[in-house]
Amino acid sequence: MSEQQHRNKSGFETRAIHAGYEPDPTTGAVIPPIYATSTYKQDGVGGLRGGYEYSRSANPTRTALEGNIAALEEGERGFAFASGLAAEDTLIRATCRPGDHVVIPDDAYGGTFRLFDKVEQPWGLEHSAVPVSDVDAVRDAVRPGRTKLVWVETPTNPLLNIADIAALATLSHEAGALLVVDNTFASPYLQQPLTLGADVVVHSTTKYCGGHSDVIGGALVVRDLELAETLTFHQNAIGAVASPFDSWLVLRGLKTLGVRMDRHCDNAERIAEFLSGHPRVTQVIYPGLPEHPGHELAAKQMKRFGGMISFRVAGGEKQALAVCENAEVFTLGESLGGVESLIEHPGRMTHASVAGTDLEVPADLIRLSVGIETADDLVADLDRALSGA
Ligand SMILES: Cc1ncc(COP(=O)(O)O)c(C=O)c1O
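Let me sum up the structure you'll find in this document.

Here is what the cut-offs are and how they apply
- Residues numbered from 1 in each chain as written.
- Predicted model: local features only at pLDDT ≥ 70, side-chain atom pairs only at ≥ 80, totals over all residues.
- Heavy atoms only, no water.
- Helix = DSSP H or I, 4+ residues; strand = E, 2+ residues; numbered from the N terminus.
- Buried < 20%, exposed > 50% of the residue type's maximum accessible area, 1.4 Å probe, protein only.
- Contact = heavy atoms within 4.5 Å.
- Areas by Shrake-Rupley, 256 points an atom, 1.4 Å probe, with all protein chains shown as cover.
- Lys, Arg positive; Asp, Glu negative; His and termini not counted.
- Charge placed at Lys NZ, Arg CZ, Asp CG, Glu CD.
- Near = heavy atom within 4 Å.
- Polar contact = N/O pair within 3.5 Å; in protein donor to acceptor, adjacent residues only side chain to side chain.
- Axes fitted to C-alpha atoms, helices over the stretch in contact; angles between N-to-C directions.
- Parallel < 35°, antiparallel > 145°, perpendicular 65-115°, else oblique.
- Left-handed = near helix turned anticlockwise from the far one by under 90°.
- Nonpolar A, V, L, I, M, F, W, Y, C, P; charged D, E, K, R; others polar.
- Expected span 1.5 Å × (residues − 1).
- Core = buried A, V, L, I, M, F, W, Y, C linked by side-chain atoms within 4.5 Å.
- Pairing = 2+ DSSP bridges.
- Right-handed = clockwise from strand over helix to strand, strands pointing away.

## Some thoughts on the overall build of the chain
- Within the chain, the secondary structure is distributed over 14 helices and 12 strands.
- The 389 residues of the chain split such that 55% are buried.
- In the chain, 72% of the contacts between residues at least 6 apart in sequence involve partners at least 24 apart.
- For the chain, the computed accessible surface area is about 15,800 Å², with 52% contributed by carbon and sulfur atoms.
- Once the 32 positive and 51 negative side-chain charges of the chain are each reduced to a mean point, those two points are 4 Å apart.

## Observations regarding the site of the ligand
- In the vicinity of the ligand, 13 residues are found, and the nearest of them are Gly-84, Asp-182, Ser-204, Thr-206 and Lys-207.
- Within the side chain of Asn-157, one N or O atom sits 3.1 Å away from an oxygen atom of the ligand.
- A distance of 2.7 Å separates an oxygen atom of the ligand from a polar side-chain atom of Thr-206.
- Taking 390 Å² as the accessible area of the ligand by itself, protein coverage stands at 91%.
- In terms of residue count, the dominant contributor to the shell around the ligand is helix α4 (residues 84–95) (three residues).

## Some remarks on the packing of helix α11 (residues 257–276) against helix α14 (residues 375–388)
- The N-to-C vectors of α11 and α14 enclose an angle of 30 degrees; their axes lie 10 Å apart at closest approach. Put simply, α11 runs roughly parallel to α14. Crossing of α11 against α14: the hand is right-handed. For the pair α11 and α14, the contacting residues are Asn-267, Arg-270, Ile-271, Phe-274 and Leu-275 in the first and Ala-375, Asp-376, Leu-378, Val-379, Leu-382, Asp-383 and Leu-386 in the second.
- A class-by-class count of the residues in the contact of α11 with α14 yields eight nonpolar, one polar and three charged.

## Some points on helix α10 (residues 244–255)
- Relative to the 16 Å expected for 12 residues at 1.5 Å per residue, α10 spans 17 Å between its end C-alpha atoms, a close match to the ideal helical length.
- Residues of α10 that are buried include every one of Ser-247, Trp-248, Leu-249, Val-250, Leu-251, Gly-253 and Leu-254, and no others.

## With respect to the nonpolar core
- By size, the foremost hydrophobic cluster in this structure holds 66 residues, and its most contacted members are Ile-271, Leu-275, Ile-309, Ile-343, Ile-366 and Leu-368.
- Element by element, the count of residues in this core is highest for α11, at eight residues.
- What Ile-343 contacts, discounting residues up to four positions off in sequence, is Val-323, Cys-324, Ala-327, Phe-330, Thr-331, Leu-332, Gly-333, Ile-366, Arg-367, Leu-368 and Leu-382.
- Formed by 27 residues, the second largest nonpolar core is a distinct cluster that contains Val-102, Leu-231, Val-354 and Leu-359.

## A short note on the packing of helix α3 (residues 60–72) against α10
- In contact at an axis separation of 8 Å, α3 and α10 are set at 35 degrees when each is read in the N-to-C sense. Like other packed secondary-structure pairs, α3 and α10 cross with a definite hand, here left-handed. Contacts from Thr-61, Arg-62, Ala-64, Leu-65, Asn-68, Ile-69 and Leu-72 of α3 reach α10 at Pro-244, Ser-247, Trp-248, Val-250, Leu-251 and Leu-254.

## Topic: unusual backbone geometry
- Each neighbour pair has its own omega, and for Thr-154 with Pro-155 the value is -10 degrees, a cis peptide bond.
- In the segment running from Asn-157 into Pro-158, the intervening peptide bond is cis, with an omega of 15 degrees.
- Take Pro-158: it is sitting in the loop between β4 (147–153) and α7 (165–174).
- A positive phi angle is found at Ser-213, which is not glycine, with a value near 50 degrees.
- For Ser-213, a relative accessible area of 45% corresponds to the partly exposed category.

## What about the pairing of strand β5 (residues 178–182)?
- β5 sits mainly inside the fold: four of its five residues count as buried.
- Relative to β5, β4 is paired through five bridges, and the arrangement is parallel. When the sheet's bridge partners are listed, Val-150 is paired in β5 with Leu-179.
- Following the backbone out of β4, through α7 and into the adjacent parallel β5, one traces a crossover that is right-handed.
- In terms of strand pairing, β5 meets strand β6 (residues 200–204) through three bridges, oriented parallel. Each bridged residue has a counterpart across the sheet, and for Val-180 the counterpart in β6 is Val-200.

Below you can see the structure in the form of structure tokens.
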């Protein structure tokens, strides 16, 4: 059994706090130091200490984070990047060549769509955007032999659709493609896609993994060691790595991921219930609600339903913008997954880059990243914001 598999046998919170790092042999420091060094003294030419040669290739603070996130996702190897998009680009260039094809969600983070549409497509990578909650639609879009990646988010951003990871893994493998799951919204606490058959997990660690809105970062986690070698090469060759300080911040965030996620979920459940009964709200989209079309699947493959809620308001875009601007405890801002609650208008903000495409989002849609503040204050704030709109 590998050390990683051994680690995987501990409980989630134990792994979150201990995996990837042993107290420093010299000082006993319980927290990994921020190794602010670009290079390492060699003991004779090629005599590397612990394999460290140059910090683009490897840095001990980054190594600690990479071991930790691999353990949380029940993977074999983790890779940390300067942003979620840097992780995505490295993965795509490591696994696809011009002339290849990928299946992507028709409801996804706007920046991910922009990467495929405006950067990878001009280099010769074709994409088909499909609803990832529809297994047959994904099967129809796959071109055996040409499709290299089936890429899903689950829950999706911002419409919170749920993809059946196990079913998509089977159909991807039958077609010779890898299944990539962007696990940013669920976080490894709520869902471990590799255990359901996915080949690669992608994270914007900027979000729940970091958890405090103080760092931009990304990660990839895999089980297959051959794929890990390819990613190791590309991570170094492309060079979009996480800095030692950013690695330290994400690692620090991961230690409390479990307790934070439970509180995010508690607060989100309470708010989803409140919004469902509000006369100015026309639809609440939250996988934890029994009427959500992906509810049963989410209950099967996720531990809980997460901290993200989208909802639509009566009165169209004007009212949606007014609600966003009226909120006070919910901060008007992009991003998600931090301890503080955020509110945003996807059509004008995070998803402005998909306007006019198949991925365009409704103009009356509001997205909440429910934080871990006192639930009563969050409910009162939304009540005020909706009443004033
Ligand atoms: C689901 C999802 N994936 C990827 C990204 C991109 O990550 P980053 O902003 O860290 O580059 C985001 C950013 O919002 C996201 O929400």
